[in-house]
Amino acid sequence: MNRAPAFTVGSQFFRKAFTIMTEKLSKNLTENIEQIKKLLPVGTSFDLITRELFLGDAKSYFLGINGFCRTEILQQIFADLQNPWYTRDSQVEDIVRYMNAKIGYAQVSLTGAWDDILKNVLSGPCALFIDGFDQAILIDVRSYPTRGIAEPDAEKVTRGARDGFVETLLFNANLIRRRVRSPHLCFAMHSVGSESRTDVAVAYLRCSVNENLLEALSKSIDSLKVTSLTMGAKSLEELLVKKRWWNPLPSIQVTERPDIACSYLEEGHILILVDNSPLVLILPCTIFQFTQSAEDYYKSPLVGTYFRLVRFVCIPVSLLLMPVFLLITAYFPQTAERLRILSTESPSALELIIYVLAVEFILDLFKYSASVTSSRFSGSLSIVGGLIIGDIAVSLNWASTEVLFYAAVTLLASLSLSSMEFSDALRIYRLFLIISTALFGIWGFFISVILVSFSIATTPTFGGMSYFWPLFPFNGPALKKLLFRSPTAKAQPCQVWDRGKVH
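Residues numbered from 1 in each chain as written. Predicted model: local features only at pLDDT ≥ 70, side-chain atom pairs only at ≥ 80, totals over all residues. Heavy atoms only, no water.

Structural notes on the overall build of the protein
If you tally the helices and strands in the protein, you get 16 helices and 10 strands. By residue count, 45% of the 503 residues in the protein fall in the buried class. Pairs at least 24 residues apart make up 65% of the contacts formed inside the protein by residues separated by at least 6 positions. Total accessible area on the protein is roughly 27,500 Å²; 60% of this is exposed by carbon and sulfur atoms. (Helix = DSSP H or I, 4+ residues; strand = E, 2+ residues; numbered from the N terminus. Buried < 20%, exposed > 50% of the residue type's maximum accessible area, 1.4 Å probe, protein only. Contact = heavy atoms within 4.5 Å. Areas by Shrake-Rupley, 256 points an atom, 1.4 Å probe, with all protein chains shown as cover.)

Here you go:
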């Protein structure tokens, strides 16, 4: 009963605010100040800074956000503007000449639209209104609070660079520009979210980018109808690629390492940087990108190739080891005895099914608890907890030694994969295979394998690019570079591969 009036009041407020924002500035400073008070909670919100100033004899009004503006630079600017020896003219007659001649400490621009003023002020730059002019001077002296640039926890390497992306978009762009000092490098800015107005930068090399993909990406970002990007880059990823519930595999690769992002940029990929998020999206995406690791290139070519092939082997091990173990031991005990998969005292089929499901749940519990626990305790928690619970489970006949062993091998294979999202998707597939095998035996196993293959084959990508390139469309030289770590002299991105559009 009480919601309708509140909704009506809210609707009237937004309509009124929208009407004001579409208007232009007035030449009367008093009217502009009244508009500011209607659009912003001046006097109520403590972080809004306003000052009525005199530039000579000209009245002016300053508007900014406390904490976003560099105080020392603003003090110098206004000290010079109000210095009678520096300001010869008592009245401002030409605002363009005044801006170019008097403000030399920062990036400045002029605007006469309220919408543009609010967007800039709430993003960090401050605004200066001068009586007699229907334009405001935007002074970019922003300074965002940020954390230190450190190596991301999820993408650590034993050797190599130790810097990582942070939550400030400008810093992330600087990390990329520092590595790729090419005149072709471009950062195209977009704004997403009617309320948050989050800055989104699309980075690419003009000499090697896929123009069709870039155009489709720009149109998609500009056409997004959302209020905010709540979870930053992850929210944008879900908005760009619409997936069904049976497609758990990631459709866009993300990274927090500048060296990885720049290597893909040099190969013709497109990077998407989202303000307030340390994740950088990489387009286009193929399934083979989730098998790559920066560690391969910080080792010798032979060693890097070996560990890359090990990761390829870990994919089917992580996906199929436990379901195949359950299928053979529960439904083909003679084969399991002949292959010595189990000890002499073999549990029943029902007990094996319960053991496998219980161990999978316990391993998930350990993995989750280790990820959310402080790094001081996560390692000891996982090792000590695993040893104690595993030993007690075997003693109480709640699990068998063989089940714990194969589950541990499966977990190690999953942790060896460089992409956590890819590993988690394989885990969902594995649980589905285990449950189907436990309920329906060999037919459940084969039908579930077919359904998993269908889910993988129908994984969508942005722009209709092939998810299985270079297998489809087939490209032999590109596939060779993916399977084997090439020496640096041969690994230079001398050409941009055509990944093929499949729909």
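A word on the nonpolar core
If you look at the biggest cluster of nonpolar residues, it comprises 24 residues, and the most contacted ones within it are Val-200, Leu-217, Leu-236, Leu-240, Ile-270 and Ile-272. When residues of this core are traced back to their parent elements, those giving at least two are β7 (198-205), α7 (211-222), α8 (233-240), β9 (270-274) and β10 (280-283). With 4 residues, α7 is the largest single contributor of residues to this core. Ignoring any residue separated from it by four or fewer positions in sequence, one finds Ile-272 in contact with Val-200, Ala-201, Leu-217, Leu-236, Leu-240, Leu-279, Val-280, Leu-281 and Leu-283. (Core = buried A, V, L, I, M, F, W, Y, C linked by side-chain atoms within 4.5 Å.)

Quick look at the pattern of salt bridges
Applying the stated rule across the entire model yields 14 salt bridges. Residue Asp-115 pairs with Arg-197 through a salt bridge whose shortest N-O separation is 3.1 Å. In this pair, Asp-115 is assigned in helix α5 (residues 114-121) and Arg-197 in the loop between β6 (185-192) and β7, connecting sequence segments 82 residues apart. For Asp-115, a relative accessible area of 34% gives the class partly exposed. (Salt bridge = Lys/Arg side-chain N within 4 Å of Asp/Glu carboxyl O.)

Focus: the side chain of Gln-292
Following the sequence through the fold, Gln-292 ends up in the loop between β10 and α10 (301-331). Side chain to side chain, Gln-292 and Arg-308 meet in a polar contact 3.2 Å long. Leave out the neighbours within four places in its chain, and Gln-292 touches Tyr-264, Tyr-297, Arg-308, Arg-311, Ser-418 and Leu-482. (Polar contact = N/O pair within 3.5 Å; in protein donor to acceptor, adjacent residues only side chain to side chain.)

A closer look at helix α6 (residues 169-179)
Burial in α6 covers these residues: Leu-169, Asn-172, Ala-173, Leu-175 and Ile-176. Looking down the long axis of α6, one finds its buried residues gathered within 155° of arc, a one-sided arrangement. Away from the buried face of α6 by more than 90 degrees, exposed residues Leu-170 and Arg-178 are located. As for α6, its buried residues are in contact with β6, β7, α9 (258-266) and β9. (Arc of directions from axis to C-beta.)

Observations concerning the side chain of Ser-277
In this structure, Ser-277 sits in the loop between β9 and β10. Polar side-chain contacts of Ser-277 include one of 3.3 Å to the backbone nitrogen of Leu-279. Among all residues touching Ser-277, those that are not within four sequence positions of it are Val-166, Glu-167, Asn-172, Gly-232 and Ala-233.

What about a nonpolar patch on the surface?
Taken together, the side chains of Tyr-331, Phe-332, Phe-432, Ile-442, Trp-443, Phe-446, Ile-447 and Leu-451 define a hydrophobic patch exposed on the protein surface, amounting to about 790 Å² of accessible area. Position of Ile-447 among the secondary structure elements: in helix α15 (residues 420-457). (Patch = residues over 30% accessible without salt bridge, like charges linked within 9 Å, V, L, I, M, F, W, Y side chains within 5 Å.)

Details of helix α3 (residues 71-81)
Those residues of α3 lying buried are Leu-74, Ile-77, Phe-78, Asp-80 and Leu-81. In an axial view of α3, the angular spread of the buried residues amounts to 160°, which keeps them on one side of the axis. Turned more than 90 degrees off the buried face of α3, the exposed positions are Glu-72 and Gln-75. Its buried side turned inward, α3 meets β1 (48-55), β2 (58-65), α4 (95-102), β4 (126-130) and β5 (136-140).

Some points on the packing of α10 against α15
At a minimum axis distance of 9 Å, the contact between α10 and α15 shows a crossing angle of 20°. With respect to α15, the element α10 is oriented roughly parallel. Here α10 runs over α15; the crossing is right-handed. Contact with α10, carried on its side by Ile-315, Ser-318, Leu-319, Leu-320, Met-322, Pro-323, Val-324, Leu-326, Leu-327 and Tyr-331, involves Phe-422, Leu-426, Tyr-429, Arg-430, Leu-433, Ile-434, Thr-437, Ala-438, Leu-439, Gly-441, Ile-442 and Phe-445 of α15 and no other residues of that element. (Axes fitted to C-alpha atoms, helices over the stretch in contact; angles between N-to-C directions. Parallel < 35°, antiparallel > 145°, perpendicular 65-115°, else oblique. Left-handed = near helix turned anticlockwise from the far one by under 90°.)

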